[in-house]
Amino acid sequence: QPLTRQLDFRVDSEVVYFDRDQGVTGARMDLYPRLRYNWIRPGSFLRPTVGFRSTAYPLSGAADNSLSRHLPIASIDGGLIFERALSDGRLQTLEPRLFYLYAPFRNQSDLPDFDTRELTFGFSQLFSDNRFSGADRQGDANQLTAALTSRVLDQQNGRSLLDFRIGQIFYFRDLRVGLNGRPDPDRNRSATVAEFNWRPARAIVASAGLEWDGEADETQVAQIGLSYRPQRGPQLALGYRFRRERVDQADLRFRIPVRDNLSLIGRANYSFEDDEILELLAGIEFESCCWAVRLIGREYVRDRDADRRTAVFLELHLKGLGSLGRRPYPLFSDARF
């Protein structure tokens with residue numbers, strides 16, 4: 001292939017102004033160009049990437065009204081794909097993958113924190129070039145991700161019937177960039193993340209996920225889910241999720257058609273840790289090809305220290321354009337819990 005077809009050049013850019021009643025205000029300008037080379041062959045791939053991230057802050061109310069951060073970021077992503085035919089005519093794959101990431105340390109303690117949070121650790125984070133959302137923090141890194149994926153595919157249509165993924169990050173140096181203090185300096189590897197999805201029928205998906213911290217010898221995150229989502233007819237989803245010291249909840253969602261384009265929708269969310277129902281929702285939905293309107297009654301707990309709230313929402317959603325009222329309720333928009 002010509003070299004130009006194997007090179008990708010991408011630029012992420014952002015200019016935002018933050019205003020608030022208290023604290024530092026000002027603008028943030030973030031520019032992250034990067035160049036990736038795609039070496040792809042049957043059964044293997046290799047993608048080295050180099051980039052340079054520059055972030056500048058013209059501020060008001062700060063000790064220094066002009067701050068900036070500049071650093072290079074490099075990564076190498078590579079993997080192999082092995083296939084074998086099963087006796088029932090299906091195809092099974094075995095896909096080992098390695099991802100190396102390097103980003104030098106930059107002291108960012110003097111930079112404001114407008115909208116940055118540490119991302120929830122999961123399988124997608126194994127291959128991310130930053131462990132933070134937003135542009136106020138860029139994580140330092142000298143690390144290698146090792147992951148393994150196996151799938152069972154229907155050879156006639158390529159549909160994944162079963163897939164299993166497991167992976168872990170190995171740190172070659174201590175992490176130094178943090179939001180609330182320095183990350184744990186004694187860690188030499190991340191928690192192990194595993195995900196499993198089984199599709200016994202086109203409309204049925206059973207899923208499970210686990211985050212196991214081997215150094216602490218405990219489960220950090222666990223989740224299981226079962227959903228029935230045909231193109232027509234009733235839809236049902238049942239899930240359980242656990243996050244240590246934060247979440248221990250069961251979740252039930254449903255959509256029941258009562259006539260053409262008209263459905264009843266509902267949700268119940270129960271917390272085992274708090275021994276109470278966190279959310280009850282019921283409503284009616286009319287949906288066409290181009291727009292949808294929903295009338296929803298909702299009783300919920302906003303947070304653990306707040307009283308229960310009762311609200312009625314009317315939503316008008318123009319597909320492909322936007323919505324009027326509150327943000328459309330994501331009852332079945334996510335495939336996982």
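About the cut-offs
- Throughout, a residue's number is its position along its own chain's written sequence, starting from 1.
- Under the rules for a predicted model, residues below a pLDDT of 70 receive no local features and side-chain atom pairs below 80 are neither given nor counted, while totals for whole chains, interfaces and linings still include all residues.
- To obtain the side-chain values, all non-hydrogen atoms of the structure were included, while hydrogens and water were left out.
- In this text, helices come from DSSP runs of H or I with a minimum length of four residues, and strands from runs of E with a minimum of two, each type numbered from the N-terminal end.
- Buried means the residue's accessible area, taken with a 1.4 Å probe over protein chains only, is under 20% of the maximum for its type, while exposed means over 50%, and partly exposed covers the values in between.
- A contact between two residues is defined here by any heavy atoms of the two lying within 4.5 Å.
- Classification of ring pairs rests on two measures: the distance between centres of Phe, Tyr or Trp rings, Trp counted by its six-membered ring, which must be within 6.5 Å, and the angle between planes, read as stacked under 30 degrees, edge-to-face over 60 and tilted in between.
- In our convention, an over-ring charge means Lys NZ or Arg CZ found within 6 Å of a ring centre and within 35 degrees of that ring's normal.
- As used in this structure description, the phrase polar contact means that two N or O atoms lie within 3.5 Å; if the pair is within protein, one of them must be able to donate a hydrogen and the other to accept it, and residues adjacent in sequence are counted only when both atoms belong to side chains.
- DSSP bridges decide pairing: two strands pair if at least two such bridges lie between them.
- Each patch groups residues whose relative accessible area exceeds 30% and which form no salt bridge, using 9 Å between like charges and 5 Å between nonpolar side chains of Val, Leu, Ile, Met, Phe, Trp and Tyr.
- Only the protein chains shown count as cover for residues, and the accessible areas themselves come from Shrake-Rupley with a 1.4 Å probe.
- Criterion for a salt bridge: a side-chain nitrogen of Lys or Arg within 4 Å of a carboxyl oxygen of Asp or Glu.
- Throughout, nonpolar core names a set of buried Ala, Val, Leu, Ile, Met, Phe, Trp, Tyr and Cys residues whose side chains join them through atoms within 4.5 Å.

Digging into the overall build of the chain
When its secondary structure is counted, the chain shows one helix and 19 strands. Projecting the C-alpha coordinates of the chain onto the three principal axes gives extents of approximately 65 × 60 × 45 Å. Put simply, the chain has 337 residues, and 37% of those count as buried. Put simply, 47% of the contacts in the chain that link residues at least 6 apart link residues at least 24 apart.

Considering the packing of aromatic side chains
Counted under the stated rule, the structure contains eight aromatic pairs. Geometrically, the ring pair formed by Tyr-57 and Phe-114 is tilted, given 6.3 Å between the ring centres and 35 degrees between the ring planes. You can see Tyr-57 sitting in strand S4 (residues 44–60) and its partner Phe-114 sitting in the loop between strand S7 (91–103) and strand S8 (141–153), a full 57 residues away along the chain. Each member of the pair, Tyr-57 together with Phe-114, is buried. An aromatic cluster is built from Phe-18, Tyr-57 and Phe-114, whose rings are joined through pairwise contacts. Just above the ring of Tyr-300 sits the side chain of Arg-298; from NZ or CZ to the centre is 4.0 Å.

Focus: the environment of Glu-218
Residue placement: Glu-218 occurs in strand S12 (residues 218–228). Apart from residues lying up to four places away in sequence, Glu-218 is in contact with Glu-211, Trp-212, Asp-213 and Arg-244. Side chain to side chain, Glu-218 and Gln-220 meet in a polar contact 2.9 Å long.

With respect to the pairing of strand S6 (residues 82–85)
Both S6 and S7 contribute to a ladder of four bridges, which runs antiparallel. Residue Glu-83 lies in a different strand from S7, and its bridge partner there is Thr-93. The antiparallel pairing of S6 with S7 creates a hairpin that spans five residues between the two strands, and Gly-89 there sits at a positive phi of about 90 degrees.

Digging into a nonpolar patch on the surface
A contiguous nonpolar patch, built from Ile-256, Val-258, Leu-264, Ile-284, Leu-295, Val-312 and Leu-314 and spanning about 610 Å² of accessible area, is present on the exposed surface. Counting residues per element, the ones that place at least two in the nonpolar patch are strand S14 (247–259) and strand S18 (308–318). The topology assignment puts Leu-295 in strand S17 (residues 291–301).

As for the nonpolar core
Nonpolar side chains tend to gather and get buried jointly when the protein is soluble and globular. Ile-73, Leu-101, Ala-103, Phe-123, Leu-126 and Phe-127 are the most contacted members of the largest nonpolar core, which totals 15 residues. Contributing elements (two or more residues each) for this core: strand S5 (66–80), S7, S8 and strand S9 (160–171). For this core, the leading source of residues is S7, giving three residues. Among the nonpolar cores identified, the runner-up in size contains seven residues, and Phe-18, Tyr-57, Leu-59 and Leu-111 belong to it.

Observations regarding the pattern of salt bridges
As enumerated under the stated definition, the model contains 26 salt bridges in all. Measuring nitrogen to oxygen at the nearest pair gives 2.5 Å for the salt bridge that ties Glu-279 to Arg-298. Of this pair, Glu-279 sits in strand S16 (residues 276–287) while Arg-298 sits in strand S17; the two residues are 19 residues apart in sequence, bridging distant segments of the chain.

Comments concerning the pairing of S5
Where S4 meets S5, 15 bridges bridge the pair, whose relative direction is antiparallel. Bridged to Tyr-57 within S5 is Leu-67. Two successive antiparallel strands, S4 and S5, enclose a turn made up of five residues, where Gly-61 displays a positive phi of approximately 85 degrees.

A few points about the environment of Leu-175
Mapped onto the elements of the fold, Leu-175 is located in the loop between S9 and strand S10 (192–201). For the pair Leu-175 and Asn-188, spaced 13 residues apart in sequence, the C-alpha to C-alpha distance is 9.4 Å. Those residues in contact with Leu-175, other than ones at most four positions away along the chain, are Arg-131, Asp-140, Gln-143, Arg-182 and Pro-183.

Brief notes about unusual backbone geometry
Unusually for a residue other than glycine, Glu-245 sits at a positive phi of about 65 degrees. The class of Glu-245 is exposed, set by a relative accessible area of 70%. The phi angle at Asp-275 is positive, at roughly 55 degrees, despite the residue not being glycine. Along the chain, Asp-275 falls in the loop between strand S15 (262–271) and S16.

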